[in-house]
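# Summary of the model geometry
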Amino acid sequence: MGEVIVITSGKGGVGKTTTTANIGTGLAASGLKVVLVDTDIGLRNLDVVLGLENRIVYDIVDVTHGNCRLKQALIKDKRFEGLHLLPAAQTKDKTSVTPDQIRELCAQLKKEFDYVIIDCPAGIEQGFKNAIAGAEKAIVVTTPEVSAVRDADRIIGLLEAAELHNPKLIVNRLRPLMVKRGDMMSIDDIIDILAIDLLGVVPEDEMIVITTNKGEPAVLDNNSRAGQAYRNVARRITGEDVPLMDLEAETGLMYKLKKLIGFK
Amino acid sequence: MKKTKSSKGKKLFFKNETNGVNDPDINTDSVDTEQEKGKEGETVKARETVPAQEIKKGRQKRKKADREPAQDESGEFLPGTAIPEADEIIAEENEPAGQTKTDSRVIKNRGPWQEAFADDNTILIQRTVRSGQSVRFDGNVVVMGDVNPGSEIVASGNIVVMGALRGVVHAGALGNENATVAAFKLQPMQLRIANHITRAPDGDYLTPEYPEIARIKDGVVVIEVYQMGQDRQTKIG
């Protein structure tokens, strides 16, 4: 019997889909059976990030409307045997499915998979209600910006109202140097406001853009700092105790240049 | 399908759920346009251009395909599978031809040789079909513009794109294996003809700068350089 985890944020563009793709791939890379469910109907992205867009024949709306069997709609990942995707529909909208249908779907999926990870759409309307309907645990993604943290706070309140207690926090796109200069909220500032457990901190990383465009999750890239952070998050989800990575460590071109000419 | 007489005003279903208003761009005299308002999953109806037998055939094929999983890992060409969209195209009673304004005004003195040329209904879409938009038409579809990724064109006949085709297209959706898909830049996310499904290969691949045409040959979908005249001759002969 698997676990159903919803990944949500309230605000758009903070990295829900990227996080879903990377955590899912990270878990599948360690041999677990994982299914990623895209509930962002009408603005689907997860399939693109995973590079599986061209394989879609049936989607979540076809499943809930009974046009096909659940098995037919599940897309097997091209890299990992255990990773599957249930894509969202693009030509429909959020009202095409109901929370009850998603609950039923999650109940079916968790019989077969170790982890059912639901990618939630931005906002707090119907799409959000659908996404959290079947979930047992929640991960809230935020960036170190006042607006994102404010929305995350609102989401945590809504999750608690929906009986989803103790959500975990992922802080995405953190820039340690800016935090050091005092130009960006620090992890402590964020936790101070949100008062939930920290699951991981993902540093800003150009590799995310590159890997997303290629349809290859960053976790598979050993040189990517964000990928490393997501690998750690995946391990923490399975119950391992992994310390937070050292974000201060400098990388990148400038560092290499400095090292080369002997400044460091 | 060529023999069908009805060239009366068909209905175009241009679904764009995010936008509930009628689109003036595609409101022409010869074609009724109708925006599907509100509820999705609603049955899309179109007047008949396809003999009932053919539809039945299509249905049976679909049933057979239903038993097999749709997605396959290996190879560029996927085996024939079910056509989800086809369910939504439902044929109604054929209406006598030659009664509409269009017929009497445009096609006067339609002789036997014209019958040989005349294909069934065709819709012209003069704009870019964008992500999330879906065009379903019982007949041929011609797009003067691009078809972007995330969009969908389903036609019971042929599909011609005067631009870049990057979305999902389904020609011969009611089971017509002679249907073709032609485009200036044929780079579809997924290309379906009747009950055959193909998809773009993974990773980088060559994208030719010349028009291409996809059709079924010996049970497989093949893509070849579009050659003018070739089709013309086969059709008249």
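Each residue is numbered by its place in its chain's sequence as written, counting from 1. For naming, the first written chain is A and the first written ligand is 1, with later ones following in the order written. A pLDDT threshold of at least 70 governs which residues receive local features in this predicted model, and a stricter bar of 80 or more applies before side-chain atom pairs are shown or counted, although totals over entire chains, interfaces and linings include all residues.

### Things to note about the overall build of chain A
We apply this condition: The secondary structure listing takes helices from DSSP runs of H or I that are at least 4 residues long and strands from runs of E that are at least 2 residues long, numbered from the N terminus. With the radius of gyration taken over C-alpha atoms, the globule rule is written as 2.2 Å times the number of residues to the power 0.38. Neighbour density around each residue's C-beta defines its exposure: 20 or more other C-beta atoms within 10 Å make it buried, 12 or fewer make it exposed, and counts between make it partly exposed, where C-beta atoms are placed from the backbone.
The number of helices and strands found in chain A is twelve helices and eight strands. A globule of 264 residues ought to have a C-alpha radius of gyration of about 18 Å, and chain A, at 18 Å, matches this closely. Residues classed as buried in chain A amount to 51% of the 264 residues present.

### Quick notes on the environment of tyrosine 226 of chain B
All names here are of chain B. The cut-off we apply is this: We call two residues in contact if the C-beta atoms placed from their backbones are at most 7 Å apart.
As for its placement among the helices and strands, tyrosine 226 is situated in the loop between strand 16 (220-225) and helix 4 (230-236). Classification of tyrosine 226 as partly exposed rests on a count of 18 C-beta atoms within 10 Å. Taking the C-alpha atoms as reference, tyrosine 226 lies 5.5 Å from proline 211; in sequence the two are 15 residues apart. Setting aside chain neighbours within four positions, we find tyrosine 226 in contact with Ala182, Pro211, Glu212 and Ile213.

### A look at the confidence of the model for chain B
Residue and element names in this part refer to chain B. Worth spelling out the cut-off: Looking at any residue, its pLDDT shows the predictor's confidence there, from 0 to 100.
In this model, chain B carries a mean pLDDT of 66, and residues with pLDDT of at least 70 account for 46%. Mean pLDDT across the elements of chain B bottoms out in strand 5 (residues 89-91) (35) and peaks in strand 11 (residues 168-171) (97). Residue range residues 1-104 is modelled with pLDDT below 50. Its contacts to residues more than four positions away, or to other chains, number 188 contacts. Residue range residues 233-237 is modelled with pLDDT below 50. Its contacts to residues more than four positions away, or to other chains, number one contact. The ipTM assigned to the predicted complex is 0.81, against a pTM of 0.73.

### Points about the sheet that holds strand 15 (residues 212-217) of chain B
Residue and element names in this part refer to chain B. Defined as follows: The rule for pairing is simple: two strands pair if DSSP sees at least two bridges between them. Only the contacting stretch of a helix is used when fitting its axis, a line to C-alpha atoms as for every element, and angles between N-to-C directions run 0 to 180 degrees.
On the basis of which strands lie adjacent, the open sheet formed by six strands has the order 6-8-10-12-15-16 and mixed pairing. The sheet terminates laterally at strand 6 (122-125) and strand 16, the two strands that pair on one side only. In this sheet, neighbouring strand axes are inclined to one another by 25° on average, regardless of whether the strands run parallel or antiparallel. Relative to strand 10 (residues 159-165), strand 8 (residues 140-143) is paired through three bridges, and the arrangement is parallel. If you follow valine 143 over to strand 10, its bridge partner there is valine 161.

### Quick notes on helix 10 (residues 206-214) of chain A
All names here are of chain A. Under the convention used in this document: Taking the helix axis as origin, the arc is that swept by the directions to the C-beta atoms.
Along helix 10, the residues classified as buried are Ile208, Thr211 and Thr212. All buried residues of helix 10 fall inside an arc of 100° around its axis, so they share one side. For helix 10, the exposed residues lying more than 90 degrees away from the buried face are Glu206, Val209 and Asn213. Its buried side turned inward, helix 10 meets helix 1 (16-29), helix 2 (46-49) and helix 11 (225-237). Backbone geometry just after helix 10 places glycine 215 at a positive phi near 75°.

### Side note on the pairing of strand 2 (residues 34-38) of chain A
All names here are of chain A. Taken across its five residues, strand 2 has five buried, putting it largely inside the fold. Burial of the side chains of strand 2 extends over both faces: Val34, Leu36 and Asp38 are buried on one face and Val35 and Val37 on the other. In this structure, strand 2 lies alongside strand 5 (residues 115-119), joined through five bridges in parallel fashion. Opposite aspartate 38, over in strand 5, you have aspartate 119 as the bridge partner.

### Overview of the nonpolar core
Test applied: Linking buried Ala, Val, Leu, Ile, Met, Phe, Trp, Tyr and Cys residues through C-beta atoms within 7 Å yields a set, and such a set is a nonpolar core.
Ranked by internal contacts, the top residues of the largest apolar core, which has 76 residues, are Val116, Ile117 and Ile118 of chain A. The residues contacting valine 116 of chain A, other than those within four sequence positions of it, are Gly2, Val4, Val35, Val37, Cys106, Leu109 and Lys110 of chain A.

### Some thoughts on unusual backbone geometry
Residues and elements named next belong to chain B. With a phi close to 50°, alanine 194 is a non-glycine residue in the positive phi region. Within the element layout of this structure, alanine 194 appears in the loop between strand 13 (190-193) and strand 14 (196-199). Of the residues examined, alanine 194 has 23 C-beta atoms within 10 Å and is grouped as buried. In the Ramachandran plot, aspartate 218 falls in the positive-phi region, its phi being about 50° despite a non-glycine side chain. Within the secondary structure, aspartate 218 is located in the loop between strand 15 and strand 16. You can call aspartate 218 exposed: it has 5 C-beta atoms within 10 Å.

### As for the sheet that holds strand 4 (residues 83-86) of chain A
All names here are of chain A. Strand order across the open sheet formed by eight strands is 3-4-2-5-1-6-7-8, with mixed pairing between neighbours. Pairing within the sheet leaves two strands with one partner each, and these edge strands are strand 3 (75-76) and strand 8 (197-203). Along the sheet, helix 11 makes contact with strand 7 (168-174) and strand 8, crossing strand 8 at roughly 160°.

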